[in-house]
Amino acid sequence: MTIRRAWWKEAVGYQIYPRSFMDTTNDGIGDLNGIRSKLDYLKDLGIGFIWITPIYESPNVDNGYDISDYQKILSTFGTMEEFELLLEEAHELGIKVIMDLVINHTSNQHSWFLESRSSLKDDYRDYYIWADGTIDGPPNDWVSIFGGSAWEYDEHTKQYYLHVFAKEQPDLNWENPRVKRELFSMIDWWLDKGIDGFRVDAISHIKKAPLETISGEDPHAPYKNVSGIERHLEELRDIFKKRDILTVGEANGVSAKEAYQWVGEEAGYFNMLFEFDHISLWNRNEEERLDVIHFKKALTLWQEALANGRGWNALYMENHDIPRSVSNFGSEETVFWKSSAKALALTFMLLQGTPFIYQGQEIGMTNMPFRSIEDIDAVDTKNFYYDMLQTGLDEETAMAVIRRTSRDNARTPMQWTAEEFAGFSKREPWLKINPNKQEINVLDETNDPDSILNFYKEVIKLRNQTDALIYGSYTLYLPEHPQLFVYGRRLEQERYVVIINLSKEFASADLPENVRIEEWTLLLSNLNDYEIHQHTLFAPYEARVYKYKID
Ligand code: NOJ
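Thresholds applied
Residues numbered from 1 in each chain as written. Predicted model: local features only at pLDDT ≥ 70, side-chain atom pairs only at ≥ 80, totals over all residues. Heavy atoms only, no water. Core = buried A, V, L, I, M, F, W, Y, C linked by side-chain atoms within 4.5 Å. Buried < 20%, exposed > 50% of the residue type's maximum accessible area, 1.4 Å probe, protein only. Helix = DSSP H or I, 4+ residues; strand = E, 2+ residues; numbered from the N terminus. Contact = heavy atoms within 4.5 Å. Near = heavy atom within 4 Å. Polar contact = N/O pair within 3.5 Å; in protein donor to acceptor, adjacent residues only side chain to side chain. Areas by Shrake-Rupley, 256 points an atom, 1.4 Å probe, with all protein chains shown as cover. Nonpolar A, V, L, I, M, F, W, Y, C, P; charged D, E, K, R; others polar. Pairing = 2+ DSSP bridges. Axes fitted to C-alpha atoms, helices over the stretch in contact; angles between N-to-C directions. Phe/Tyr/Trp six-rings, centres within 6.5 Å; stacked < 30°, edge-to-face > 60°.

Engineer: Just checking my understanding: could you explain the nonpolar core for this structure?
Structural biologist: If you look at soluble globular proteins, the nonpolar side chains tend to sit buried side by side. Counting residues in each nonpolar core, the largest one holds 146 residues, and the members touching the most others are Tyr14, Phe83, Ile103, Ile187 and Phe270. When residues in this core are grouped by element, the largest group, eight residues, is from helix α11 (residues 334-348). Those residues within four positions of Phe270 in sequence are excluded, and the remaining contacts are Val200, Ile203, Leu233, Leu236, Phe240, Thr247, Gly249, Trp262 and Val263.

Given below as structure tokens:
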């Protein structure tokens, strides 16, 4: 197989949620200078690019995903000059910078929407999706991903507008060529500044089914990967293809079967996608535990769909929309916390694709013990909480669900030190700091050779140096094993195998002939003092990486 090299295949990514990363103005909210001050930390970690979630002007109903001006920096975060310095300094260190591109919707405070809602005849009316109501109220029965009807009535013009997310996030009308022209020139404007690509938000929602469509079993189906979306995506691709950039689409509703069309090496719309199969985003099931067999199948489906150079994967276990992986898929218990966080690192970092680490994941940050709904900021979580109360649930039961499922779990400030405000700020931040900052913080982990942070460094270093772990093929072994995740990577004669026990119990397995690890070299293990007495017996959350001896 000939390798088709690209910088975005070889680099490890790091997602920054700026509000919670580092505050230098001491207003309790992170900022661009905070990111600048931590570039050396990221360089030392081995990071090749950062993805910064939205920093544009926004009323912050959905923390920046409701943009009121695409070409301005939110003053809380800093200035355009500071952004340019950030870009320059990152580039000097060899770190590329990816921005978030939110083009399914804008804020209801964007000048386009203010114009659009001003009258039925306004020149911008068709920038958004407006419709007359019916006898029952809204134009149809579509529901918003954030709860309630997807339609909001506008008293002034007596029509409804569509919003897939919050009512303050009206959906843009992609059927209007003027909208696309405006968006595309804004994209070019940012790329001309020298940024290195985009994470494209909610892009599978830009095409809507005809308004007569009735919501079926999947209430989001009328606006999720609807046929005809290809036309819009092809136009977007033509803008992207002119440059050597990284593009990763957020693709709720796109299946592995369609992966090639979306991210095929030749004609895909993006370089890679954040698929939702292995992580159920917006999942409200409080009881959810990791089902190892299902998890492996979901990952393998994507690995195989894009195998043999057909396309590329985006790999992740965390982001700002889902609870912390160590809490949900590993264990917070003291005996397991460290090993399970390291085990989870190996479940995604060495697969075929580009890994994205979410801030704090590299130190094993956990979910937050939120006491009441007053501690919560996320708009969807609040809606969900009040919906639960309406159905008769008591506050404590509802909070138990929120503690386990809210995306605010991932948004608590980064824990840099054990100090009062975790070295993030000098005052009470916008979202409470996790009380476990004493045990979990960057400073202590930097000094501890056995820490999760130092394990991440080792894994990143290994991947950065190893073509086989970047470009090699992927093979799943023991697909039906309920505890172990065993996968191989191979490039010509160079072979690696990764074995992870994803459970709290000991696990044993008969490994297939071609991975007789007794004869292989152990490169990395998450159990420092653990002596491997038996090659095929694995302690709880034990994880190992082996290389085939060629000498
Ligand atoms: C996905 C983003 O990741 C999420 O944070 C946001 O709320 C929605 N898209 C709407 O933009």
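Engineer: Just checking my understanding: could you explain the site of the ligand for this structure?
Structural biologist: Around the ligand sit Asp62, Tyr65, His105, Phe146, Phe165, Arg199, Asp201, Glu250, His320, Asp321, Arg407 and Arg411, and that is every residue in its neighbourhood. Contact distances for the ligand include 2.5 Å between an oxygen atom and a side-chain N or O atom of Asp62. The separation between an oxygen atom of the ligand and a polar side-chain atom of Arg407 is 3.0 Å. Relative to its unbound accessible area of 300 Å², the ligand is 100% covered by the protein chains. The residue inventory of the shell around the ligand, partitioned by class, reads three nonpolar, two polar and seven charged.

Engineer: Whenever I open this one, the pairing of strand β16 (residues 494-501) confuses me. Can you help?
Structural biologist: On any regular strand, side chains alternate: one points to one face of the sheet, the next to the other face. β16 sits mainly inside the fold: seven of its eight residues count as buried. Pairing between strand β15 (residues 484-491) and β16: eight bridges, direction antiparallel. Across the sheet, residue Leu491 finds its bridge partner in β16, namely Glu494. Between the antiparallel neighbours β15 and β16 lie two residues, among them Glu492 with a positive phi of about 50 degrees. In terms of strand pairing, β16 meets strand β20 (residues 543-547) through five bridges, oriented antiparallel. Residue pairing across strands places Val497 opposite Tyr546, the latter belonging to β20.

Engineer: Is there a simple way to explain the environment of Thr347 in this structure?
Structural biologist: Tracing the backbone through its elements, the reader meets Thr347 in helix α11. Judged by its relative accessible area of 0%, Thr347 falls in the buried class. Taking the C-alpha atoms as reference points, Thr347 and Leu502, separated by 155 residues in sequence, lie 8.9 Å from one another. Beyond its immediate chain neighbours, meaning those up to four positions away, Thr347 contacts Phe295, Leu299, Met317, Phe485, Tyr487, Ile500 and Leu502.

Engineer: Even after reading the chapter, I still don't get the sheet that holds strand β12 (residues 314-316), so can you show me in this structure?
Structural biologist: Hydrogen bonding along the main chain pairs the strands of a sheet, whether they run parallel or antiparallel. Spatially, eight strands are ordered β11-β10-β9-β5-β2-β1-β13-β12 in an open sheet, and the strand pairing comes out parallel. A strand with exactly one partner marks an edge of an open sheet, and here the two such strands are β11 (272-274) and β12. Put simply, the sheet's adjacent strands are angled 25 degrees from each other on average, direction ignored. Pairing analysis gives four bridges linking strand β9 (residues 197-201) to strand β10 (residues 246-250), with the strands arranged parallel. Note on β10: the bridge partner recorded for Gly197 is Leu246.

Engineer: Just to check I follow, could you spell out the side chain of Gln359 for this structure?
Structural biologist: Assignment of secondary structure puts Gln359 in the loop between β13 (354-358) and α12 (379-390). Among all residues touching Gln359, those that are not within four sequence positions of it are Tyr14, Gln15, Ile16, Tyr17, Ser20, Phe21, Arg324 and Met414.

Engineer: When you look at the packing of aromatic side chains in this model, what are you seeing that I'm missing?
Structural biologist: One pair of aromatic rings is described through two measures. These are the centre distance and the angle between the planes. Overall, the coordinates contain 36 aromatic pairs when judged by the stated rule. Consider the rings of Tyr14 and Phe21, whose centres lie 6.1 Å apart with planes at 65 degrees: the pair is edge-to-face. By relative accessible area, Phe21 is classed as buried at 0%. Ring plane angle 70 degrees and centroid distance 5.4 Å describe the contact between Trp112 and Tyr127, whose orientation is recorded as edge-to-face. One end of the pair, Trp112, is in helix α5 (residues 111-116); the other, Tyr127, is in the loop between α5 and β6 (130-131), and 15 residues separate them in sequence. A residue is classified by how much of its surface remains accessible, and Trp112, at 8% relative accessible area, is buried.

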